[in-house]
Amino acid sequence: MHGPHVRSPPEGVAAGQEKPETGAMSQAAGEQVKQAIAGVFDRASDTYDRTGVEFFSIVGRTLVEQADVQPGDRVLELGCGRGAATMPAAERVGAGGHVLALDLAPGMVSRLRDDLEQAGLRQVTCRVGDAEAPDAEPGAWDVVLASLVLFFLPDHEQAMRSYRDLLRPGGRLAFSWFAVDDDRWERVFEELVAELPPSSRSARRPGQDGPFASADAMDAFLRDAGYNPVTEVRPLTVRYPDDATWWSTMWSHGRRSTLERLQDEGLLDSTMARMREHLDGVRTEDGALEWTGGMAYTVAAR
Ligand SMILES: C[S@@+](CC[C@H](N)C(=O)[O-])C[C@H]1O[C@@H](n2cnc3c(N)ncnc32)[C@H](O)[C@@H]1O
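Residues numbered from 1 in each chain as written. Predicted model: local features only at pLDDT ≥ 70, side-chain atom pairs only at ≥ 80, totals over all residues.

Going by what an unreviewed UniProt entry lists, the chain is known as Methyltransferase domain-containing protein and is assigned to uncultured Nocardioidaceae bacterium.

**Regarding the nonpolar core**
With 84 residues, the main nonpolar core has V75, A89, V144, L145, L150 and W177 as its most contacted residues. By residue number, the principal contributor to this core is strand β5 (residues 167-180), which donates eight residues. Ignoring sequence-local partners within four residues, the contact set of L150 consists of H156, A159, M160, F175 and W177. (Core = buried A, V, L, I, M, F, W, Y, C linked by C-beta atoms within 7 Å. Buried ≥ 20, exposed ≤ 12 C-beta atoms within 10 Å, placed from the backbone. Helix = DSSP H or I, 4+ residues; strand = E, 2+ residues; numbered from the N terminus. Contact = placed C-beta atoms within 7 Å.)

**Notes on the sheet that holds β5**
One open sheet holds the seven strands; their spatial order is β3-β2-β1-β4-β5-β7-β6, and the pairing between them is mixed. Looking along the sheet, the strands with just one partner apiece sit at the ends: β3 (124-128) and β6 (228-240). Adjacent strand axes in the sheet meet at a mean angle of 15°, parallel and antiparallel pairs treated alike. Where strand β1 (residues 74-78) lies against strand β4 (residues 141-147), three bridges are found, and the strand directions are parallel. Its bridge partner lying in β4, L76 is registered against V144. Along the sheet, helix α4 (residues 106-119) contacts β2 (98-103) and β3; its crossing angle with β3, the most-contacted strand, is approximately 160°. In the packing of helix α7 (residues 215-224) onto the sheet, contacts are made with β5, β6 and β7 (289-301), and the angle to β6 comes to roughly 145°. (Pairing = 2+ DSSP bridges. Axes fitted to C-alpha atoms, helices over the stretch in contact; angles between N-to-C directions.)

Structure follows, in C-alpha cells:
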C-alpha cells in the first residue's frame, strides 16, 4: 500500500477490497467496492480515531493549516470520518463560514454530528454522501478538503479532476495521503496478508503507476487536470504505548477489513501469532511500538 511497493503501514486505510492495482473499474464494481468500504468504516466508527493514539487528528490539523482555510470560507469536506479535519476547519471558518462534511459511512456521520453538537460548531453540516459524486453546488467552494480519503475512490483520477468544477476561481483542492512507509514494519505487514490471495491485499495506494505513486507523480497529474499544485511530504511518528493499543488501533481503521476477512476464514489467530514474532523489530527501549512514515499534503489551486 505504499511506498514503491504495495505495503501496509500501521495506520490508516487498507480498504481490503478486491480492486485492480491501477485505473478505474466498471461502475457496478466501483459501487460494490464503495459499499464494502463504507461497511468497514461503519463498523469501525465507534473506535475510529479514539484509541488513544494520535494520528488522524495530527494529519487533519496539518492539512487544514496547509490549505490555509480562512474565516468565512466555504469548505466542502469529503470522507470526514470522525472529524479529524472537520473540527479544525470549522474552527478556522468561524461562525461566518460553512463546512459541508460528507462521508459514506452512516456511523461516522452520526458520531461526528454528536461531537459537533457538543462542541457547539453550528457552522458544520454533516451528512451521508459519496466523495465520487458529491451533492454540492458547483463553483461555490473556497476549499475542497479530503484527509486520507481519495485513494479509496474506485475512480480517484476522475474524481480529482471533477473537483475543479466545484471550486470558485482561486479555490483549492487540499488533501492528505500516505507517501512514505516505514520499512521496519514490512515483515509485520507481510505476515498480515501472507495467507490471503494477492487480490485481497488492499492498498492505501491504488497502484504504483498512478498519481499516488509519488509527490512528483501527483503534482504532474494535477497540473494535467488544470490545477496549480504543491505537494509537501512531512515525517510523522506514531507511538503505540503497548501491543494491546496497537491491536485495538488496527481494528479501528481501514485495516479492519483485512482482520475481518482473516477472522471469517479462521486465520486470525495464526496470523496474529506470526505478526507478534516481528513486533520486536519495531519496539523502542521503553516497550512502545513506533511507526515513522511520510505524510503528503497536496494543495492544488484551481
Ligand atoms: C481513513 S478515513 C479518514 C477520515 C477522516 N478524514 C480522518 O482523517 O480521520 C477514510 C474515510 O473515508 C470515507 N470514505 C471512503 N470512501 C468514501 C466515499 N466514496 N465517499 C465518502 N466517504 C468515503 C470512509 O467512510 C472513512 O470515514
